[in-house]
Every structure is written in C-alpha cells, then in structure tokens.
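Below, each chain spelled out in residue letters.
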Amino acid sequence: MEKGKGMNIIVLGGGRVGTAVALDLERDGEYGVTVVDQSEKILEKLHEHHGIATLQVHLDDPRKVKRVVRRCDLVIGALPGSMGFATLQAVVAEGKNIVDSSFCPEDPFLLDSVAKEAKVTAVVDCGVAPGLSNMILGHHDAMMARVDRFECAVGGLPVERMPPWEYKASFSPADVIEVCTRPARFVEDGTHTTRPALSDAELIEFPSIGRLEAFNTDGLRTLLTTMSVPNMKEKTLRYPGHIQKMALLRDSGFFDSEPVKVGSAMVVPRELTSKLLFAHWELSHEDRDFTAMRVDVEGVEEAGQEPVRYRYELLDQYDEATNTTSMARTTGYTCSAVTRLIGNGTYEHHGISPPEFIGREAKCFESVMTDLAARGIVFDKTKSLVKGDEE
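Residues numbered from 1 in each chain as written. Predicted model: local features only at pLDDT ≥ 70, side-chain atom pairs only at ≥ 80, totals over all residues. Heavy atoms only, no water.

*Asks:* Tell me what's going on with the overall build of the protein, and back it up with residues and numbers.
*Replies:* Helix and strand counts for the protein come out as 13 helices and 18 strands. A compact globule built from 391 residues should have a C-alpha radius of gyration of about 21 Å, and the protein, at 20 Å, falls within 12% of that. The contacts in the protein between residues at least 6 apart in sequence include a share of 68% that link residues at least 24 apart. Just so you have it, the protein exposes about 17,600 Å², and 50% of that area is on carbon and sulfur atoms. The averaged location of the 60 negative side-chain charges in the protein is 3 Å from the averaged location of its 44 positive side-chain charges. (Helix = DSSP H or I, 4+ residues; strand = E, 2+ residues; numbered from the N terminus. Rg over C-alpha atoms; globule rule 2.2 N^0.38 Å. Contact = heavy atoms within 4.5 Å. Areas by Shrake-Rupley, 256 points an atom, 1.4 Å probe, with all protein chains shown as cover. Lys, Arg positive; Asp, Glu negative; His and termini not counted. Charge placed at Lys NZ, Arg CZ, Asp CG, Glu CD.)

*Asks:* Lay out the pairing of strand β15 (residues 289–300) with the relevant residues and their values.
*Replies:* Burial of β15 is extensive: twelve of the twelve residues sit out of reach of the surface. Where burial is concerned, the two faces of β15 agree: the one with Asp-289, Thr-291, Met-293, Val-295, Val-297 and Gly-299 and the one with Phe-290, Ala-292, Arg-294, Asp-296, Glu-298 and Val-300 are both buried. The pairing of strand β7 (residues 146–158) with β15 spans twelve bridges and is antiparallel. Bridge assignment links Val-154 to a residue of β15, and that residue is Met-293. Examined bridge by bridge, β15 and strand β16 (residues 308–317) share ten bridges and lie antiparallel to one another. Its bridge partner lying in β16, Ala-292 is registered against Leu-315. (Buried < 20%, exposed > 50% of the residue type's maximum accessible area, 1.4 Å probe, protein only. Pairing = 2+ DSSP bridges.)

*Asks:* Please set out helix α9 (residues 242–251) residue by residue, giving values where relevant.
*Replies:* A turn of α-helix holds 3.6 residues, and therefore any two residues three or four places apart point the same way. All buried positions along α9 are accounted for by His-242, Ile-243, Met-246, Ala-247 and Leu-249. All buried residues of α9 fall inside an arc of 165° around its axis, so they share one side. In α9, those exposed residues whose orientation departs by more than 90 degrees from the buried face are Gln-244, Leu-248 and Asp-251. Structurally, α9 contributes buried residues whose contacts are with α7 (173–181), β11 (210–216), β12 (231–238) and α10 (269–281). (Arc of directions from axis to C-beta.)

Rendered as structure tokens:
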C-alpha cells in the first residue's frame, strides 16, 4: 500500500459517521475517497455538494463487499452493527487494511490469525466509546505501574428535550435497542461479572448540562480480554427517565427477536419497534446534539506512590459550520485520525487492533488527541489523589 498521498480509501456506509469521515479525509487533499452506500439520495448529496466520489451498492452480501474493496488501499467501516462482522471478515479476506466503527456483537479476535497471516491492520471499535475510551485506558496502562480502576460514562443526546422520549438517535435504532437488551459485562474485584442492560442506575452531574442518568451497557468489549484491570465498567448516559421507558418496552416484549403471529402475518417485534421508533428518534436537519463523556482511570504511577485518578471529561456540540452532529464528529474524526496513522505508516500492527493497542503507543495516542483538538474535540483532563475510602 502506498503511504499517504495518493492512497485510495473506500468508506462503506454513507450515513452520518461515514459522511463525516469521508469529508474529513477529503479535506486533507491527500487521499482518493469513495463512499459506498445503497441510498441514491445520500450519494447524490455527497457528490453534488462535496465532490466526493460515490458508488451505489447494497452491501448486504460479503461477496459484494469483496468486489468493492478489491482495488482500494484502505477501508473505513461505517455500517450498522448487524452487518459489521461479515463486512470485516470480507475486507480482511481481501487483504485490505480497515478502520471499523460498526461495533458488531461478535468477537473480532476470531479474525486475528487470518488478519495476521494476510498482514492486515484491522482497527475495530473505532469510535467514542468503545474507541477513545479504550485509547485512554491503553495509554495509562502503558505509562503507569498499575491501573486499579477504569470507568467510562458516555452518551449522545439532543439539546432540546422533546417528550415523551427526550432522545434522538444519531445511528441505527436497531443498534440503540441492542444497547438496552445486550447483557452488560464488566469486571469487579478481579471477577468478570454480567448484569442486565439498564441496571445500576445512577445520576451524574455534568457542568452546563445538569444531571444525566447512567446505566450499565456492554461497552467494555475487547477490554475484557486485553486488559488486566481489576475493576472496569462502562455506562451509557441519557436524560433522567430513559431507563424506565426502555425497560417497559423491553420487558413487554417489544424488543424480542422471535416472530409473533399478528393476524395472518408473522412479525418480529424488534424490527417493528425499530421501524416505529425511527420516526420519533431520527435526528432531523433542525436538531442539535451533544456528546457527554467522562472517563476515570485510577492507579499507581510508580511503585510506592499514592494512588491517583486521571479524569477525562468531554462535552462536544453539533458543528454549525459543517452541519455535522456531535456523535458523527466524535466517532468519525476518531476514525479519520486513526486512518492517517495507518496511511503514514505510524501505526503498523498486523492483526486485529482494538483502540487500546493504539493508545499504548504514546506517539499514536498524542496524534489522535491532536487531530481531535484541531477539530474542536477537546478533553478536560485533571489529576487528583484517590482518597483512602475510594481505593
């Protein structure tokens, strides 16, 4: 693969994230970017308004994916999670490097040996959380003598709280439903534990926003196998009251995957619910959103020292200048930052690379943070001693 200038990049998926990545890389003037999607409307807008090359293909078949990526140098995966693993597998089989943000439920390390044999760099879970949160932990795990605790709370929300849902989805409603149903895995006192999604509710105060509701979600993902930290958990943030609404739908069967008979037809409740909620949850062009995130890493920097806590807080807003949602910015620009690392040869790890691997390399971590800061995505980083009763 040719490094840097002249590199041909295929973006699979022209939704908000895929569009943000494509436009960000196109602005560099160093890459040939093509967006692939099934939507003629999305592709026309990208081509006519931004001059982006496009290709209309329904990426529901891995064979189509292989044909599409065959002549490119690097692939960006920005498809729904349900399509993520099959797409990742197809791209790796073609021997192409990939930066993927699909957050598929399958274990990406199942493809590790194949990717290594093909000398492919496959960065998975490359978004906000998982993604940036993993990089932060990887960075501190490499620089500290011991990490004792990692906690992440993150959420993308509309600025305007419109009842009854007070929520808008910047990605697939099906993926939102998955957040509310997939059991949450975490680590407590060195033991791997599973609890239901939406459990362990707590209120977290964010400056200029107020209180947000946090609940268990299955966001640790690869950290469960790549990190030996005795206490790790991830929570999703929503406006207060969200848990009760989602739990009511879930417990009443609206999120079930097994078909039920309705009249003479068989209906999958989850698919119907997703279809109906999309009308209420879809971000319109008039909607504005924000991303709130807090990451705590506690541990000992050097043997014999007192435990310290590093706290990273982020509050990112919709970008009026580029008409880009905050969730698309924070996810998409993380993808483009990592793409540059691979393109210029700074990061060359063959096999499956979760973001914590990138965070372990100081030069890569700083490069990603610098890229994000240049686009207005800036973390407020603080350091404090951990009190005795918090250890």
